[in-house]
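Residue-level structural notes
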Amino acid sequence: MTTSAQTHASALRVEIDAARCQGHGRCVALAPELFALDALGNAVILGDGAVPPDLEAKARLAKVNCPEFAIRFARD
Amino acid sequence: MTARPPVTDWATDFDHMHESWIENPYPIWDDLRQRCPIAHTDRFEGAYLPVRYADVREIAYDPEHFSSRRIVLRDERLPLVPFPPITSDPPQHRGQRAVLLPLFTPAAIAPYEAKVRELCRGLIDGFIDAGACDGAAHYAQEIPAVVTAMMLGISAADGDMFRRWLNDLLVLGTDDPELVMRTHAEMAGFFMAEVAKRRARPGQDLISRLIEARIDGAPMSDVELVGMVRLLLIAGIDTTWSALGSCLWHLATHAEDRRRLVADPSLMPTAVEEFLRAYSPVTIAREVVAETEIGGCPFKAGEMVLLSFAAANRDPAAFPDADKVLIDRAENRHAAFGLGIHRCIGSHLARMELTVALEEWLRRIPEFTLAPGAVVTWAAGAVRGPRQLPLVFP
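As the structure is a prediction and not an experimental result, all values here were calculated from the model.

Turning to the interface of chain A and chain B, a few remarks are in order. On the side of chain B, 19 residues touch chain A, which itself brings 14 residues to the contact. Looking at the side of chain A that touches chain B residue by residue, the class counts come to seven nonpolar, six polar and one charged.

Here it is in structure tokens:
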């Protein structure tokens, strides 16, 4: 998904780069409202990845704790 | 283990088995990061040592040039002994790993948590009235050995044998190739017999699950199967006990952190991650199989690489205040469990064991220190942690 420069406040969306994720599971430990693990233990996005404003801090925490740099942010 | 020749210069003659590295490796890595971030040695028949996070990461991500077929740095190259998937490279690696991954997800290991807690409580019951114990031998070492035996469905009474195997392979074996090959053969014999038992009468344990597992529709060969089981034993035990021992050592020697953690148990998750970063127990190796260049340094085929995730985790370019242990560090993408396709499969199990073992210890023994005049000894070789940790809690 591509994003463009933002001119107005818009919803944050989390994305996982499945090619990078190795199943460390840090995102699920830190933001279980936004991430889950599949049968192999790799991370998946819950729902469409839209981050409610009250979960933005948790989303950021998940991103900066991913050892594989597999979490990206996008703005709709 | 024999005495190692003195190191002339850590940049050109490093030796991770040398006593000054074993005692305190951090200043060595800090020094190298300043002046020669990729060191080399002619010991071990030739090996490189990256100490920057970026270089360690790049190598971990490059199995094409850096093979995992040899993952322990030894004085001489031994015949290849497979421990799939940790000793596997693509493309074989993926299917072998996929067999193990579902068995070690957080959901899969959750049922063991209550048993670990019970085990920890029992161990503490055994020494709390004495007011003293060896935190390494009487607590840290016991927990993962029993948990691993339980998961594999083998007798915990074999725990002493497991410890001897680990010591023979990872410590004494560094400069004793015959001992290593003899230990591998002994383990293979033991586990082949365990496999035969389960073929006759399948159970719910991990060995039974692996016998039933299929890779591309086919069962694993005995060599793959026994190699995988040996890996679960080796990888799960002294790694975790070393990490737990280091946590106890830190808390015994840093009263302010210990009291803060006791007063505010909600700090436990960040504290555990920070201990994993600061005292990462595991240093693995790679073999250069095709010439390449990393960080401006040529890597010659046939040489080894000592891949120190512990050194990467102490790199100030990747971690602010890298040399400080901050139990509330919120941003911590440490590499204690490795990076890339070989991420430690047991990481969720290890985190659970560490967390439960520390919670139970601090609940019962909130105040403790090193015993007066205590001599703390650290393991030599691929895994770092205290081997002798005399603690008192009067």
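Now that the structure is up, let's keep going.
For the rest of this paragraph, the subject is the sheet that holds strand β4 (residues 50–51) of chain A. All names here are of chain A. Pairing is antiparallel in the open sheet, where three strands are placed in the order β4-β1-β5. Both outer strands of the open sheet, β4 and β5 (71–75), are each paired with one neighbouring strand and no more. Taken together, the two bridges between strand β1 (residues 12–16) and β4 define a ladder with antiparallel strand orientation. For Leu 12, the partnering residue across the bridge sits in β4 and is Val 51.

Another point: the pairing of strand β10 (residues 304–308) of chain B. All names here are of chain B. For β10, the buried fraction is high: five of the five residues fall into the buried class. Here strand β2 (residues 47–50) pairs with β10 via two bridges, running parallel. Residue pairing across strands places Tyr 48 opposite Val 305, the latter belonging to β10. With five bridges connecting them, strand β7 (residues 283–288) and β10 associate as antiparallel partners. Residue Arg 286 lies in a different strand from β10, and its bridge partner there is Val 305.

So, about the confidence of the model for chain A. Averaged over every residue, the pLDDT of chain A is 90; the share at 70 or more is 87%. Note on residues 1–8 of chain A: pLDDT is under 50 here. Beyond four places in sequence and across chains, it has five contacts.

With that settled, consider helix α3 (residues 53–60) of chain B. Most of α3(B) is tucked away: six of the eight residues are buried. Listed in full, the buried residues belonging to α3(B) are B:Tyr53, B:Asp55, B:Val56, B:Arg57, B:Ile59 and B:Ala60.

Right, let's talk about the environment of B:Ile215 for a bit. Here B:Ile215 lies in strand β5 (residues 214–215). The contact partners of B:Ile215, leaving out residues within four places of it in the chain, are B:Gly95, B:Gln96, B:Val99 and B:Met220.

All names here are of chain B. As judged from the four bridges shared by strand β1 (residues 38–41) and β2, these two strands associate in the antiparallel manner. Residue His 40 lies in a different strand from β2, and its bridge partner there is Tyr 48. A loop of five residues connects β1 with β2, the two strands running antiparallel in sequence, and Phe 44 in this loop sits at a positive phi of about 55 degrees.

Residues and elements named next belong to chain B. Residue Pro 85 follows Pro 84 across a cis peptide bond; omega there is 0 degrees. Secondary-structure assignment places Pro 85 in the loop between β3 (66–67) and α4 (92–100). With an omega dihedral of 5 degrees, the bond running from Pro 90 to Pro 91 counts as a cis peptide bond. Tracing the backbone shows Pro 91 in the loop between β3 and α4. The backbone of Phe 44 sits at a positive phi, close to 55 degrees, despite the residue not being glycine. Structurally, Phe 44 is set in the loop between β1 and β2. Despite not being glycine, Asp 216 has its phi angle at roughly 50 degrees, a positive value. Of note, Asp 216 is situated in the loop between β5 and β6 (218–219).

What counts, and where the lines are drawn
- Residues numbered from 1 in each chain as written.
- Chains lettered and ligands numbered in written order.
- Predicted model: local features only at pLDDT ≥ 70, side-chain atom pairs only at ≥ 80, totals over all residues.
- Contact = placed C-beta atoms within 7 Å.
- Nonpolar A, V, L, I, M, F, W, Y, C, P; charged D, E, K, R; others polar.
- Pairing = 2+ DSSP bridges.
- Helix = DSSP H or I, 4+ residues; strand = E, 2+ residues; numbered from the N terminus.
- Buried ≥ 20, exposed ≤ 12 C-beta atoms within 10 Å, placed from the backbone.
- pLDDT = per-residue confidence, 0-100.

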